[in-house]
Amino acid sequence: MEELDGEPTVTLIPGVNSKKKQMCFDWGPGEMLVCETSFNKKEKSETVPGCPFIYIIRKDIDVYSQILRKLFNESHGIFVGLQRIEEELTGKSRKAQLPCFLSLQDAPCSCCMSFHFCRLVRVSKNYRSVIRACMEEMHQAAIAAKDPASGRQFSSQVSILSAMELIWNLCEILFIEVAPAGPLLLHLLDWVRLHVCEVDSLLADVLGSENPSKHESFWNLVTILVLQGRLDEARQMLSKEADVSPTSAGMCRILGDLMRTMPVLSPGNTQTLTELELKWQHWHEECERHLQDGTFASSPHLESLCKIMLGDEAALLEQKELLNNWYHFLVTRLLYSHPTVKPIDLHFYAQSSLDLFLGGESSPEPLDNILMAAFEFDIHQVIKECSIALSNWWFVAHLTDLLDHCKLLQSHNLYFGSNMREFLLLEYASGLFAHHSLWQLGVDYFDYCPELGRVSLELHIERIPLSTEQKALKVLRICEQRQMTEQVRSICKILAMKAVRNNRLGSALSWSIRAKDAAFATLVSDRFLRDYCERGCFSDLDLIDNLGPAMMLSDRLTFLGKYREFHRFYGEKRFFDAASLLLSLMTSQIAPRCFWVTLLTDALPLLEQKQVIFTTEQTYELMRCLEDLASGRPVRGEPGAQRLQEDIENTKLEMLRLALARNLARAIIKEGSLEGS
């Protein structure tokens, strides 16, 4: 991938012998797996030293930068806020037409549409403030870096962030604010002053000296101030020269008056462009007259400044070192030659300024191509060049989204299929999902991609490693909020299986119920029953006692809940209810056959009660179940412990027969005596 300084970034894979073997790769979510392989059968017999590693090349490494993560986090809030603004406006458009002061709060503009664009400009400035804050923090990290390599890496990132803000600011001026002739130049001057800021430190250095006019950088400072159109500050510096140099005092005063009287269309000025052009023409003629009369002939510095103010291209090109770049040269040239330049003519001056400044000595760099595309109002080319030059999708995704809200991308969607905005947002969100925590930001970006966002979110969310239960709950909550039924079921099932492996049966049952997985709920219920048989008591009683309607998910879960209810009746000494429930569990065939011995054994205490609990009919039903169980038991001839277990079960069966016979006799007597009476 190519960086903005024009130098390509090359990823070297150590230990790979590319001459003897070929490379294979496979894309993962957000990264690429690279390994060595051999496709030539002859080479298989040769002993070729191979690479013992598989390398993971991340395609969006910036998400792992601690400082850039702040950029991603803070811009996410701006992005979501912008989408909600749009939803709010769209929602209001469906309602009855309301006055502006009712439908939009604290509106600074006279109509809703202008207010909407005011908010878009404010959103753009918020994005730029986040970039600048991140850039300043990165700069401090570069200064504090102890490792030279880290320092260079931070400095490189600072230059990239600076270029990003430079491009964004220009796009804001040309595409979002849509500044007309006159104010356009004022915006471009602010743009240059913001991004060519070395003059401020130079100004402080010169003014901090004992004799500023004798400072070695004094005239460089005055020249830069004039080049940036900061004429009031330049006049103040010339006044210091006039105070200490009587021979040049008059010339400084004349040049200072020319600077003071230069016509400028200020934001609050009501004069028309025609009036400005007439005043500027008169001022320009006055400057030219002083130059031709030789007013500044005795001072090369002042004469050079006068030539700059006349827009002399040769004089401007002599200051290439102070201008630093061609777009600074462009804005200075427009200021002193074409102050009322129209947006439609801007690209002609931009191209000629680039050609003049480079002079054929070097070819344009990626940043130059991006800025030139912006001056040509070619939005698609700006986005395309930025996608190639920048190291991640953050910039193009957010800028494209903002431009789309300005209704500027409808004619460009054919380049990227159905929706260029959505294409870039999907790419950016996919990169976020490669990070262990930033994936949560990516969810919102997918949400605001109406065509493919839902499908993409489903595919990516399935790849999130559920390393902790807390993370799993976050993922689950996201899926439930979006009614992603299949993903909810899958996550719950994974968590249920983990809980079973850790012998956390209550948690496993809870997850299986949440997943509405009948088969897994049956499996966990069997584990509960098996543990009960081994230990004689239930674990996680609160969960079993509060199954509620979830009990109907599977027959085994229903049995588990009802069996627990039988124990509760018995504990509360509600013996008749307990007996009726126990009998229904057996006769309804809901109880697993392997558990019948346990159920019949549970009936023994009820059969031995002083009071007759089971009626004659109920006793016959229990006897029938007992005989069905005995007749269906396989005959086993294995010796040892298994034979001993069989003897124990046979003893239980005999005890049950005896208890049932006694209860039957008692029930017959009781029922007979009731009939006789």
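Residues numbered from 1 in each chain as written. Predicted model: local features only at pLDDT ≥ 70, side-chain atom pairs only at ≥ 80, totals over all residues. Heavy atoms only, no water.

Participant: Before we go on, may I ask you to explain the overall build of the chain in this structure?
Facilitator: When helices and strands are counted, the chain shows 31 helices and three strands. The long-range fraction of contacts in the chain, counting pairs at least 24 apart against all pairs at least 6 apart in sequence, stands at 64%. Carbon and sulfur atoms make up 54% of the accessible area of the chain, which totals about 34900 Å². (Helix = DSSP H or I, 4+ residues; strand = E, 2+ residues; numbered from the N terminus. Contact = heavy atoms within 4.5 Å. Areas by Shrake-Rupley, 256 points an atom, 1.4 Å probe, with all protein chains shown as cover.)

Participant: Would you mind going over the nonpolar core with me for this structure?
Facilitator: One recurring pattern in soluble globular proteins: nonpolar side chains tend to sit buried together. Judged by nonpolar contacts, the single largest core of 192 residues is most densely connected at Trp191, Leu255, Trp326, Leu371, Phe375, Trp394 and Phe395. Among the elements that take part in this core, helix 4 (residues 148-176) stands out by supplying 14 residues, more than any other. Those residues in contact with leucine 255 that sit more than four places away from it in its chain are Leu238, Phe296, Leu302, Leu305, Cys306 and Met309. (Core = buried A, V, L, I, M, F, W, Y, C linked by side-chain atoms within 4.5 Å. Buried < 20%, exposed > 50% of the residue type's maximum accessible area, 1.4 Å probe, protein only.)

Participant: Quick question: what am I supposed to make of the pattern of salt bridges here?
Facilitator: Pairing is possible between side chains that carry opposite charge, provided their charged atoms lie close to one another. For the coordinates displayed, the defined rule picks out 19 salt bridges. Where arginine 193 meets aspartate 190, a salt bridge forms, and the shortest distance between an N and an O atom there is 3.7 Å. Within this pair, arginine 193 and its partner aspartate 190 are both found in helix 5 (residues 183-195), separated by three residues, close to a single helical turn. In the salt-bridge network here, residues are joined through shared partners; they are Lys125, Arg128, Arg132, Glu165 and Glu172. (Salt bridge = Lys/Arg side-chain N within 4 Å of Asp/Glu carboxyl O.)

Participant: Just checking my understanding: could you explain helix 23 (residues 485-501) for this structure?
Facilitator: In an α-helix, one full turn covers 3.6 residues, which means residues spaced three or four apart are oriented alike. With 17 residues, helix 23 should cover 24 Å at 1.5 Å per step; its first-to-last C-alpha distance of 25 Å lies within 8% of that length. Listed as buried for helix 23 are Gln487, Val488, Ile491, Cys492, Leu495, Ala496, Ala499 and Val500. Immediately downstream of helix 23, the backbone of asparagine 503 shows phi near 60°, a positive value. (Expected span 1.5 Å × (residues − 1).)

Participant: Which parts of the structure should I look at to understand the packing of helix 27 (residues 555-571) against helix 29 (residues 596-607)?
Facilitator: Helix packing for two helices is described by the angle between their axes and how far apart those axes are. Relative to each other, helix 27 and helix 29 sit at 15°, their axes nearing to 12 Å. Considered as vectors, helix 27 and helix 29 are oriented roughly parallel to each other. Crossing geometry of helix 27 relative to helix 29 is assigned as left-handed. Side by side, helix 27 and helix 29 meet where Phe559, Tyr563, Phe566, His567 and Tyr570 of the first sit next to Thr598, Leu599, Asp602, Pro605 and Leu606 of the second. When the residues that make up the contact of helix 27 with helix 29 are grouped by side-chain class, the tally is seven nonpolar, two polar and one charged. (Axes fitted to C-alpha atoms, helices over the stretch in contact; angles between N-to-C directions. Parallel < 35°, antiparallel > 145°, perpendicular 65-115°, else oblique. Left-handed = near helix turned anticlockwise from the far one by under 90°. Nonpolar A, V, L, I, M, F, W, Y, C, P; charged D, E, K, R; others polar.)

Participant: Got a minute to help me understand empty space enclosed by the protein in this structure?
Facilitator: Empty space among the atoms becomes apparent when a probe as large as a water molecule is rolled across them. Going through the model one piece at a time under the given rule, you end up with one cavity of 30 Å³ or more. Quantified by volume, the largest cavity comes out at close to 80 Å³. Residue lining of the largest cavity: Gly182, Leu185, Leu186, Leu189, Met262, Pro263, Val264, Leu265, Leu276, Leu335 and Pro339, and that is the complete set. Within the lining of the largest cavity, the residues separate by chemical class into ten nonpolar, one polar and no charged. (1 Å grid on protein atoms, 1.4 Å probe; cavity = no way out; pocket = protein on both sides within 12 Å on 5 of 7 lines; lining within 4 Å. Points joined across faces, edges and corners; volume = space filled by probe spheres on them.)

Participant: Can you help me understand the state of the cysteines in this one?
Facilitator: Here a disulfide denotes a covalent bond joining the sulfur atom of one cysteine to the sulfur atom of another. Inspection of every chain in the model, using the stated rule, returns zero disulfides. Distance from the sulfur of cysteine 386, which forms no disulfide, to the nearest cysteine sulfur (cysteine 171) is 6.8 Å. Look at cysteine 386 and you get buried, because its relative accessible area is 1%. In this model cysteine 479 remains outside any disulfide bridge; the closest cysteine sulfur is found in cysteine 492, 9.2 Å from its own. (Disulfide = S-S within 2.5 Å.)

Participant: Looking at this structure, how should I read the environment of phenylalanine 357?
Facilitator: Within the secondary structure, phenylalanine 357 sits in helix 15 (residues 346-358). Taking relative accessible area as the criterion, phenylalanine 357 reaches 8% and is therefore assigned buried. In sequence terms phenylalanine 357 and leucine 323 are 34 residues apart; their C-alpha atoms lie 9.7 Å from each other. Apart from the residues within four sequence positions on either side, phenylalanine 357 is in contact with Leu317, Lys320, Leu323, Asn324, Asn325, Trp326 and Phe329.

Participant: Looking at this structure, how should I read helix 24 (residues 505-515)?
Facilitator: Summarising burial for helix 24: nine of the eleven residues are buried, a large majority. Of all the positions in helix 24, only Leu505, Gly506, Ser507, Ala508, Leu509, Trp511, Ser512, Ile513 and Ala515 are classed as buried.

Participant: What's the story with the environment of isoleucine 388 in this structure? I'm lost.
Facilitator: Note on placement: isoleucine 388 falls in helix 17 (residues 379-389). Residues isoleucine 388 and proline 366 lie 22 residues apart in sequence; the distance between their C-alpha atoms is 8.8 Å.

Participant: How should unusual backbone geometry be read in this particular structure?
Facilitator: Excluding glycine, residues mostly carry a negative phi; peptide bonds, for their part, are mostly trans. Of note, the phi angle at lysine 407 is positive, near 60°, even though the residue is not glycine. Mapped onto the elements of the fold, lysine 407 is located in the loop between helix 18 (394-405) and helix 19 (420-432). Positive phi values are uncommon outside glycine, yet glutamine 483 reaches one of about 55°. Relative to the helices and strands, glutamine 483 is located in the loop between helix 22 (469-481) and helix 23. For glutamine 483, a relative accessible area of 66% corresponds to the exposed category.

Participant: Help me understand the packing of aromatic side chains, please; the structure alone is not making it clear to me.
Facilitator: Each aromatic ring pair is described using two quantities: the centre-to-centre distance and the angle formed by the ring planes. On inspection of all chains with the given rule, the structure shows 17 aromatic pairs. For the pair tryptophan 191 and tyrosine 327, a centre-to-centre distance of 5.4 Å together with 40° between the ring planes defines the contact as tilted. With tryptophan 191 in helix 5 and tyrosine 327 in helix 14 (residues 326-337), this pair connects stretches of sequence that are 136 residues apart. No difference in accessibility class separates tryptophan 191 from tyrosine 327, as the two residues are buried. Consider the rings of tryptophan 326 and phenylalanine 375, whose centres lie 6.0 Å apart with planes at 70°: the pair is edge-to-face. In this pair, tryptophan 326 sits in helix 14 while phenylalanine 375 sits in helix 16 (residues 366-375), placing the two residues 49 residues apart along the sequence. Among the aromatic side chains, those forming a connected cluster through ring pairs are Phe72, Phe79, Tyr428, Tyr445 and Tyr448. If you follow lysine 320 out to its NZ or CZ, it ends over the ring of phenylalanine 357, 5.0 Å from the centre. (Phe/Tyr/Trp six-rings, centres within 6.5 Å; stacked < 30°, edge-to-face > 60°. Lys NZ or Arg CZ within 6 Å of the ring centre and 35° of its normal.)

Participant: Can you help me understand the side chain of histidine 76 in this one?
Facilitator: Looking at the secondary structure, you find histidine 76 in helix 1 (residues 66-94). The class of histidine 76 is buried, set by a relative accessible area of 14%. Leave out the neighbours within four places in its chain, and histidine 76 touches Leu441, Asp444 and Tyr445.

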